[in-house]
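# Structural description and commentary
What follows is each chain in one-letter form.
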Amino acid sequence: MSPAKTIVAIFSALLAASSAVSAQYTATYLPGNTPNHSEDGQYGTNQCGTGSNQESLCQNAFINSIEDFCVWAPPYSDGKNATIGETERYEVAWCLKDGYGTRLIPDGTIIGAHWVETPDYVQITGNGDFTKIGIPKGDSGGELDPHGADGNGNPIGGLVFGNSFGKMQQYHEWTSFMSDTEFCFRACKPGPNATKLCQHVYDVMGCQWNMPGDYSNGVFDSCMGDSAQPMGVYGTSTFHQGDPVTPEAHPKPATSQCTTTASLTQINPSATHSSSSATITPVASHSQAAASATATTSAHNAALGRSVSWEGVAFGSVVGLVGVLAAL
């Protein structure tokens, strides 16, 4: 085969691969029928039972209301070795409500929270002292989402459920940011707007750029709201992270029908934080877990009948080959 024909064959194969990696995760679960692990290389579990446990490794999060939501945070910490960037593949669910088999958020952790339900998504934003759930002081945080760099999610195998749109369902598209003082979590209703409104490529832009909303302290409220503009999209232009000029965040969408809650501290008055004093041994080091996930992902994806998203790697290869072919 001539060099030109060889390149064309490779190009065709990469086009097919590019189409495959654009496919989204399609396996669907409910809290009662989750497997032990929804992804290979997973640190925790999706079979979490009921009740709560401050050493739980449950990786199911729920986002239902101002008084019933979860956040992602490290499963282990000595106060300095568990930044979100270091543990994004292994985060576990910390929830306000008992009964999910997760860890409970200790009283006094959240000092402001704001719930919004829109036609396209539900969202919770606010502030707190998240050193109480293992995030080291001073950690500026990072993004969690169901995709990650290899399609397995950050955390690997993390599932999100909610009942805001008429029934309990799994949210396939969601995005969340956590730092030591600020949090935000958006879960998008299945439909044509889900991927646009729960975008996951602006991972260094933080909560207030990705999810404009109320981040004030001392208030706990629930509102109906308009859907936000898609993050990064400005008319006919799309911002790409790393562009020379970073645009301002979109305006906070309008809200209405707001009600307030006195506090979140009495939802689980017995919740205590035992994670930092407990000896919780990771199933593998960060590098070992990453290698395990990479080595086993392809077979697992094939078994589930889906492909992974490589965050543009295959697309970049195709673009490079287009240049080569154009020069022939």
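Below you will find a few notes about this structure. Worth saying up front: this structure is predicted, and the values here are computed from it rather than measured.

Basis of the calculations
Residues numbered from 1 in each chain as written. Predicted model: local features only at pLDDT ≥ 70, side-chain atom pairs only at ≥ 80, totals over all residues. Heavy atoms only, no water. Helix = DSSP H or I, 4+ residues; strand = E, 2+ residues; numbered from the N terminus. Buried < 20%, exposed > 50% of the residue type's maximum accessible area, 1.4 Å probe, protein only. Contact = heavy atoms within 4.5 Å. Areas by Shrake-Rupley, 256 points an atom, 1.4 Å probe, with all protein chains shown as cover. Core = buried A, V, L, I, M, F, W, Y, C linked by side-chain atoms within 4.5 Å. Pairing = 2+ DSSP bridges. Disulfide = S-S within 2.5 Å. Axes fitted to C-alpha atoms, helices over the stretch in contact; angles between N-to-C directions.

Moving on to the overall build of the chain. Along its length, the chain carries six helices and 15 strands. Across the 328 residues that make up the chain, the buried fraction comes to 48%. Considering only residue pairs separated by 6 or more positions, the chain has 74% of its internal contacts joining residues 24 or more positions apart. Taken as a whole, the chain presents about 14,400 Å² of accessible surface, with 55% of it coming from carbon and sulfur.

This part is about the nonpolar core. One finds I63, I110, I124, V160, M178 and F183 to be the most contacted residues of the largest nonpolar core, which totals 38 residues. Looking at this core, the elements that each hand over two or more residues are β1 (60–65), β2 (68–73), β3 (92–95), β5 (110–117), β6 (121–128), β8 (159–162), β10 (173–178) and β11 (182–188). In terms of nonpolar packing, the next biggest core, distinct from the first, is built from six residues, C188, A194, C198 and A228 among them.

Across a sheet, paired strands are connected by hydrogen bonds in the backbone, their directions being either parallel or antiparallel. Spatial ordering of the open sheet is given by β4-β3-β2-β1-β8-β9, a layout of six strands whose pairing is mixed. In this open sheet, the two strands that pair with only one neighbour each are β4 (103–104) and β9 (169–170). Where β3 and β4 come together, two bridges link them in parallel fashion. Residue pairing across strands places W94 opposite R103, the latter belonging to β4.

Note on terminology: a disulfide is the covalent bond linking the sulfur atoms of two cysteines. On inspection of all chains with the given rule, the structure shows five disulfides. Note that C48 is cross-linked by a disulfide to C58, the S-S spacing being 2.1 Å. Judged by the sign of its S-S torsion, about 90 degrees, the cystine formed by C48 and C58 is right-handed. Taken together, the residues C48 in the loop between α1 (3–21) and β1 and C58 in the loop between α1 and β1 connect sequence positions ten residues apart. Look at C58 and you get buried, because its relative accessible area is 1%. The disulfide bridge from C184 ends at C207, spanning 2.1 Å between sulfur atoms. In this structure, the disulfide formed by C184 and C207 twists by about -100 degrees around the S-S bond and is classed as left-handed. With a gap of 23 residues between them, C184 in strand β11 and C207 in helix α4 (residues 206–210) connect regions that are remote in the sequence.

Reading across from one edge, β7-β10-β11-β6-β5-β12-β15 is the order of the seven strands in this open sheet, with mixed pairing throughout. In this open sheet, the two edge strands, each paired with only one partner strand, are β7 (142–144) and β15 (255–260). On average, adjacent strands in this sheet sit at an angle of 15 degrees to one another, irrespective of strand direction. Relative to β15, strand β12 (residues 220–225) runs antiparallel, the two sharing four bridges. If you follow M224 over to β15, its bridge partner there is S256.

With an omega of 5 degrees, the peptide bond running from N154 to P155 counts as cis. Summarising the element assignment, P155 is placed in the loop between β7 and β8. With phi around 55 degrees, Q257 is a residue other than glycine that occupies positive phi space.

A separate point is the pairing of β10. Among the six residues in β10, six count as buried, and that is most of the element. Burial along β10 is two-sided: the face carrying E173, T175 and F177 and the face carrying W174, S176 and M178 are both buried. Judged from the three bridges that link them, β7 and β10 form a sheet pairing that is antiparallel. Directly across from E143, in β10, lies its bridge partner F177.

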